[in-house]
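Next come the chains, spelled out residue by residue.
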Amino acid sequence: MRSAFNRRRFMGTTAAASLGTLAIGASAPKPVGDKRPIVIASGNGLRAVEKAMDLVHKGSDPLDAAIEGVAIVEADPNDHSVGLGGLPNEEGVVELDAAVMHGPTHGGGSVASIRNIVHPAAVARVVMQRTRHCLLVGEGALKFARAHGFPEVNLLTDEARQIWLHWKETHDSNDDWLPAPKETVAAFIRETLAHRITGTIHCSALDTHGDLGCTTTTSGLAFKIPGRVGDSPILGAGLYLDNEVGSAGSTGLGEANLLNLASYLVVEGMRRGLHPKDAIMETCKRIATTSVRDPGRRRSDGKTSFGVSFYAVNKKGEYAGGSIYPGGSMAVHDGETARVIGCDALYDK
Ligand code: ASP
C-alpha cells in the first residue's frame, strides 16, 4: 500500500542526498547579463523550469540550472519515469540514463544503465568535466559516481515495486507467477499499467548571457530488457545543443530518436534558420517517414505506431514543443512566469 510514512522517509533521505550531490561539479554563479532568459522542459517539468529560472536569475551556469531543475523530478518518488521511484527493468532493477550538454564549451557527458544513483544528470556533468570521455555505462558509471562522492540509494520505491510485481505476475499467462486476486490489486497499480509507461524529463536553459545548457534524464522504458539504453544518454538523439544556434531534447520512444539522431536534426533545422516549431515538425516528419519502413513500427493506417515529442529553444529565445501525435505538453518559463502549454502535433490522430 502507499504509505505517507514511507514517502516522508524517502523524501528525507533523498533531500539530504540531493543537497550534497547537486553541488558536485556545479560552478560558482557569475554576474547576470542583460538578455532575456528562457527555460523549457518536457511535460512534467513545471517545477523544473521554476527552479532552473530561479538559478538563472541568480547567475548560475545554464547547465547547472537545468540539472537542478530536473533534480526535483529525479528525487520525486511519485514520478515513475525518472530517478527515484522510476519503474524498473524486467528484473525489478531501476536503471537510469541521463546526459548533459554545455553550450559555452560545447561539452557533453552521459551515463547509461546506471543503478542506485538519484541524480544521474549530475553524474553526467562530472563525466563531462572530469574525464576525457562522453559516455560511461553500467557498473563503470556507478563506480565513477561513487568515486566522486555520489551516495547510493535504493531507487526502487515500494510503490514502483508493487507496479512491477503486478506486471511480472500478469504479462505472461504461461509462466508460473500467479497474480494476486483482482479485487486486491490497488487502483494505482491498475491505472499505471493501463498504458505502456513512458516518461523522461528534458530541460534546456538559455541564460541572461545568451548561453545554453541542457539535460535529459530518465528511467527509460518501464520493464525494459536489462541493459537497454534509450536515446536520453546519447548526445544527438535525446538532446543536443550548439551555443550559436539552440538547444533541443526529446521524450518518447527512444529507438526512433536513435535511428534518426533526432535532437541533432532539430538543432540543424534551427541552424538553417527554421523556427523551433518548424525544425521540430520537420524532424517529426523524418521519423514518421523512416520508421514505417519497419512493419513492426507501422500501424494499419500506415502511420507510425509510437509517439515522440521534442522541445526546442533557439538562441533568440524562440521556443516550441511538438509531437508526432497530439497530447504532448511542455513547461516554459520566460523569465516572468512559468506555464504549461500544449505541443503541436504532426498528425491529428
Ligand atoms: N525516451 C525514453 C527512452 O526511450 C523514454 C521516454 O521518454 O518515455 O528511454
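Residues numbered from 1 in each chain as written. Predicted model: local features only at pLDDT ≥ 70, side-chain atom pairs only at ≥ 80, totals over all residues. Heavy atoms only, no water.

(A) Representation of the pattern of salt bridges in the model. According to the stated counting rule, one finds 14 salt bridges in the structure shown. Note that Arg339 is salt-bridged to Asp334, the shortest N-O span being 3.9 Å. Overall, the relative accessible area of 33% leaves Arg339 in the partly exposed class. Because the salt bridges share partners, they merge into one network encompassing Asp242, Glu268 and Arg271. (Salt bridge = Lys/Arg side-chain N within 4 Å of Asp/Glu carboxyl O. Buried < 20%, exposed > 50% of the residue type's maximum accessible area, 1.4 Å probe, protein only.)

(B) Structural detail: the packing of aromatic side chains. Tallied over the full model, the rule gives three aromatic pairs. Between the aromatic rings of Tyr240 and Tyr264, the centroid separation amounts to 5.0 Å while the plane-to-plane angle is 75°, which identifies the pairing as edge-to-face. Here Tyr240, found in strand 7 (residues 239-242), pairs with Tyr264, found in helix 9 (residues 262-271); they are 24 residues apart in sequence, far enough to count as distant. Overall, Tyr264 belongs to the partly exposed group, its relative accessible area being 33%. Over the aromatic face of Tyr347 sits the side chain of Lys303, whose NZ or CZ is 4.8 Å from the ring centroid. (Phe/Tyr/Trp six-rings, centres within 6.5 Å; stacked < 30°, edge-to-face > 60°. Helix = DSSP H or I, 4+ residues; strand = E, 2+ residues; numbered from the N terminus. Lys NZ or Arg CZ within 6 Å of the ring centre and 35° of its normal.)

(C) How the structure looks around helix 3 (residues 62-74). The first and last C-alpha atoms of helix 3 sit 18 Å apart over 13 residues, in line with the 18 Å expected at 1.5 Å per residue. For helix 3, the full list of buried residues reads Pro62, Leu63, Asp64, Ala65, Ala66, Ile67, Gly69, Val70, Ala71, Val73 and Glu74. Where helix 3 begins, the side chain of Asp61 points an oxygen toward the backbone nitrogen of Leu63, at a separation of 2.8 Å. (Expected span 1.5 Å × (residues − 1). Polar contact = N/O pair within 3.5 Å; in protein donor to acceptor, adjacent residues only side chain to side chain.)

(D) Inspection of the packing of helix 9 against helix 10 (residues 276-291) at higher detail. Two elements in contact, helix 9 and helix 10, have axes separated by 8 Å at closest approach and are oriented at 140°. Of the possible angle classes, the one that applies to helix 9 and helix 10 is oblique. Seen along the crossing, helix 9 lies across helix 10 with a hand that is right-handed. Packed against helix 9, whose contacting residues are Ala262, Leu265, Val266, Gly269 and Met270, the element helix 10 presents Pro276, Ala279, Ile280, Thr283, Arg286 and Ile287 at the interface. Class assignment of the residues belonging to the contact of helix 9 with helix 10 gives a composition of eight nonpolar, two polar and one charged. (Axes fitted to C-alpha atoms, helices over the stretch in contact; angles between N-to-C directions. Parallel < 35°, antiparallel > 145°, perpendicular 65-115°, else oblique. Left-handed = near helix turned anticlockwise from the far one by under 90°. Contact = heavy atoms within 4.5 Å. Nonpolar A, V, L, I, M, F, W, Y, C, P; charged D, E, K, R; others polar.)

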